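So the chains spell out like this:
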Amino acid sequence: EPEVTQTPSHQVTQMGQEVILRCVPISNHLYFYWYRQILGQKVEFLVSFYNNEISEKSEIFDDQFSVERPDGSNFTLKIRSTKLEDSAMYFCASIPFTGKNIQYFGAGTRLSVL
Amino acid sequence: AQSVSQHNHHVILSEAASLELGCNYSYGGTVNLFWYVQYPGQHLQLLLKYFSGDPLVKGIKGFEAEFIKSKFSFNLRKPSVQWSDTAEYFCAVIPIYGGATNKLIFGTGTLLAVQP
């Protein structure tokens, strides 16, 4: 079965540094999502992306965050200047089209900001 | 704002016991409903879904869930749990409205530990 792949599985960074989290969605999927889960809290929506632009973003997704699909296969989440409170598990998900609302998730990247 | 509530944060059961995990959501319109499971160290996997039709839906590994529209509930059940069901279970909702981007709204999750 096709899978969403996320790299790295664990990223450790210093506060104030930039990080890029990478995702390779399933190849024929068109809609992409980032979610995050702070330890002990619920999974929260960050942003959705379609047709090379953001279609919806949450209040969490401020100017420190950006997303990109640089080459037609990767889907990246960049945090420009990490804060301690950005430490979380970040999940990428994708769906083929809006008529089929089953999101396929990657295994996640655990981001630790020191 | 739309939200999803899961009543049980941590459940401990013995093998062969029956399971019911509660889930309620707050949205008055049409919804798609999901239960995801996350086994230790693994990604979120779809357990079952409800889009329309029969409100009793069956998923993988013997799980089922019942959508009760009047109660805004989508409780997960399994008649007899196994040790391998130890995992975290997430209820999630997609509110359907014009312009929706199909973002999932998750509950806080329920950690299920099944003792052999």
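Refer to the structure above for everything that follows.
Residues numbered from 1 in each chain as written. Chains lettered and ligands numbered in written order. Predicted model: local features only at pLDDT ≥ 70, side-chain atom pairs only at ≥ 80, totals over all residues. Heavy atoms only, no water.

What is the right way to read the interface of chain A and chain B from this model?
A common way to state how big an interface is: give the accessible area lost once the parts meet. At the interface, 18 residues of chain A touch 21 residues of chain B. Overall, the association of chain A and chain B removes approximately 1700 Å² of surface from exposure, summing both partners, and the carbon and sulfur fraction of that is 56%. Of all residues in chain A, Lys42, Asn101 and Phe105 of chain A bury the most surface against chain B, accounting for 34% of the area lost on that side. If you look at where chain A meets chain B, you find 1 salt bridge. For Glu56 of chain A, the salt bridge goes to Lys103 of chain B, with nearest N and O atoms at 2.9 Å. Along the contact surface separating chain A from chain B lie 5 residue pairs in polar contact (both at pLDDT 80 or more). (Contact = heavy atoms within 4.5 Å. Buried area = accessible area lost by both parts, 1.4 Å probe. Salt bridge = Lys/Arg side-chain N within 4 Å of Asp/Glu carboxyl O. Polar contact = N/O pair within 3.5 Å; in protein donor to acceptor, adjacent residues only side chain to side chain.)

Looking at this structure, how should I read the state of the cysteines?
Two cysteines whose sulfur atoms are joined by a covalent bond form what is called a disulfide. Per the stated rule, a full pass over the model turns up 2 disulfides over all chains. Across the disulfide, Cys23 of chain A is cross-linked to Cys92 of chain A (sulfur-sulfur distance 1.9 Å). Given an S-S torsion of about -65 degrees, the disulfide between Cys23 of chain A and Cys92 of chain A has left-handed geometry. Of this pair, Cys23 of chain A sits in strand 3 (residues 19-24) while Cys92 of chain A sits in strand 9 (residues 88-95), placing them 69 residues apart in sequence. Looking at Cys23 of chain A, the relative accessible area reads 0%, which means it is buried. Using a relative accessible area of 0% as the deciding quantity, one classes Cys92 of chain A as buried. Disulfide pairing places Cys23 of chain B opposite Cys91 of chain B at an S-S distance of 1.9 Å. Residues Cys23 of chain B and Cys91 of chain B are joined by a disulfide whose S-S torsion is about -65 degrees; by sign, that bridge is left-handed. With Cys23 of chain B in strand 4 (residues 23-26) and Cys91 of chain B in strand 10 (residues 87-95), this residue pair connects regions lying 68 residues apart in the sequence. Exposure class is identical for Cys23 of chain B and Cys91 of chain B. Each is buried. (Disulfide = S-S within 2.5 Å. Helix = DSSP H or I, 4+ residues; strand = E, 2+ residues; numbered from the N terminus. Buried < 20%, exposed > 50% of the residue type's maximum accessible area, 1.4 Å probe, protein only.)

What is the right way to look at a nonpolar patch on the surface in this model?
Residues and elements named next belong to chain A. Judged by side-chain polarity, Leu30, Tyr50 and Phe97 come together as a nonpolar surface patch covering roughly 280 Å² of accessible area. Relative to the helices and strands, Leu30 resides in the loop between strand 3 and strand 4 (31-37). On the accessibility criterion, Leu30 (43% relative accessible area) is partly exposed. (Patch = residues over 30% accessible without salt bridge, like charges linked within 9 Å, V, L, I, M, F, W, Y side chains within 5 Å. Areas by Shrake-Rupley, 256 points an atom, 1.4 Å probe, with all protein chains shown as cover.)

Would you take a moment to explain the nonpolar core for this structure?
Side chains that are nonpolar tend, in soluble globular proteins, to be buried together. Ranked by internal contacts, the top residues of the largest apolar core, which has 30 residues, are Trp35, Leu48, Phe74, Leu76 and Tyr89 of chain B. Here Leu76 of chain B is in contact with Leu19, Glu20, Leu21, Trp35, Leu47, Leu48, Phe63, Glu64, Ala65 and Tyr89 of chain B, once residues within four sequence places are set aside. With 22 residues, the next largest nonpolar core counts Ile26, Leu77, Ala88 and Tyr90 of chain A among its residues. (Core = buried A, V, L, I, M, F, W, Y, C linked by side-chain atoms within 4.5 Å.)

What's the story with the packing of aromatic side chains in this structure? I'm lost.
Ring pairs (aromatic) are described by centroid distance and by the angle formed between their planes. Taken as a whole and judged by the stated rule, the model has 19 aromatic pairs over all chains. Each ring, one from Phe49 of chain A and one from Phe75 of chain A, has its centre 5.3 Å from the other, and the planes form 40 degrees; the classification is tilted. Highlighted residues: Phe49 of chain A in strand 5 (residues 43-50) and Phe75 of chain A in strand 8 (residues 75-79), separated in sequence by 26 residues. Owing to a relative accessible area of 0%, Phe75 of chain A belongs among the buried residues under this scheme. Ring plane angle 35 degrees and centroid distance 4.7 Å describe the contact between Tyr50 of chain B and Phe67 of chain B, whose orientation is recorded as tilted. Note that Tyr50 of chain B is positioned in strand 6 (residues 45-50) and Phe67 of chain B in strand 8 (residues 64-68), a separation of 17 residues in sequence. Here the aromatic cluster, defined as three or more aromatic residues joined through ring pairs, consists of Tyr33, Tyr35, Phe45, Phe91 and Phe105 of chain A together with Phe34, Tyr36, Phe51, Phe90 and Phe106 of chain B. (Phe/Tyr/Trp six-rings, centres within 6.5 Å; stacked < 30°, edge-to-face > 60°.)

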